[in-house]
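# Inside the fold
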Amino acid sequence: MTCPACTLHAQRPTCGAYRMQCVACCARLVASARPLRHLQDGHLALIARDPSRPSRTAVLGALKRLP
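Here goes a summary of the coordinates provided. (Residues numbered from 1 in each chain as written. Predicted model: local features only at pLDDT ≥ 70, side-chain atom pairs only at ≥ 80, totals over all residues. Heavy atoms only, no water.)

Helix and strand counts for the protein stand at four helices and zero strands. Of the regular secondary structure in the protein, the N- to C-terminal order runs α-α-α-α. Whereas a compact globule of 67 residues would reach a radius of gyration of roughly 11 Å, the protein reaches 11 Å, a difference of no more than 12%. Overall, the protein is about 30 × 25 × 20 Å in size when its C-alpha atoms are taken along their principal axes. Residue burial in the protein is summarised as follows: out of 67 residues, 31% are buried. Put simply, of all contacts in the protein between residues at least 6 apart along the chain, 36% involve residues at least 24 apart. Only carbon and sulfur atoms are counted for the fraction: they give 59% of the accessible area of the protein, which is about 4,500 Å². (Helix = DSSP H or I, 4+ residues; strand = E, 2+ residues; numbered from the N terminus. Rg over C-alpha atoms; globule rule 2.2 N^0.38 Å. Buried < 20%, exposed > 50% of the residue type's maximum accessible area, 1.4 Å probe, protein only. Contact = heavy atoms within 4.5 Å. Areas by Shrake-Rupley, 256 points an atom, 1.4 Å probe, with all protein chains shown as cover.)

Take a look at the structure:
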């Protein structure tokens, strides 16, 4: 099952919807900051602030699987 933000992104890739508890959304958020490494680090820090969000390892793993 995909989250509502992933479903919306599949329909409209430029919508900018992210759900911070979803690994795929977090990976898309970090990827959207490319090639700005400091911005990517900022997004990863934001994700890490809440324990209900995916781990850094999970996000980086999902990031490698993105096209």
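Having seen the model, we can carry on.
Before going further, it helps to spend a moment on the packing of helix α1 (residues 4–11) against helix α2 (residues 23–31). Remark: α1 packs on α2, axes separated minimally by 8 Å, with the N-to-C direction vectors making an angle of 55 degrees. On the basis of the axis angle, α1 is oblique to α2. Like other packed secondary-structure pairs, α1 and α2 cross with a definite hand, here left-handed. For the pair α1 and α2, the contacting residues are Ala-5, Cys-6 and His-9 in the first and Ala-24, Cys-25 and Arg-28 in the second. (Axes fitted to C-alpha atoms, helices over the stretch in contact; angles between N-to-C directions. Parallel < 35°, antiparallel > 145°, perpendicular 65-115°, else oblique. Left-handed = near helix turned anticlockwise from the far one by under 90°.)

On to the pattern of salt bridges, then. Two side chains carrying opposite charge are able to pair once their charged atoms lie near each other. For the coordinates displayed, the defined rule picks out two salt bridges. Two residues, Arg-53 and Asp-50, come together in a salt bridge whose shortest N-O distance is 3.9 Å. Residue Asp-50 is classed as partly exposed on the basis of its relative accessible area, which comes to 27%. (Salt bridge = Lys/Arg side-chain N within 4 Å of Asp/Glu carboxyl O.)

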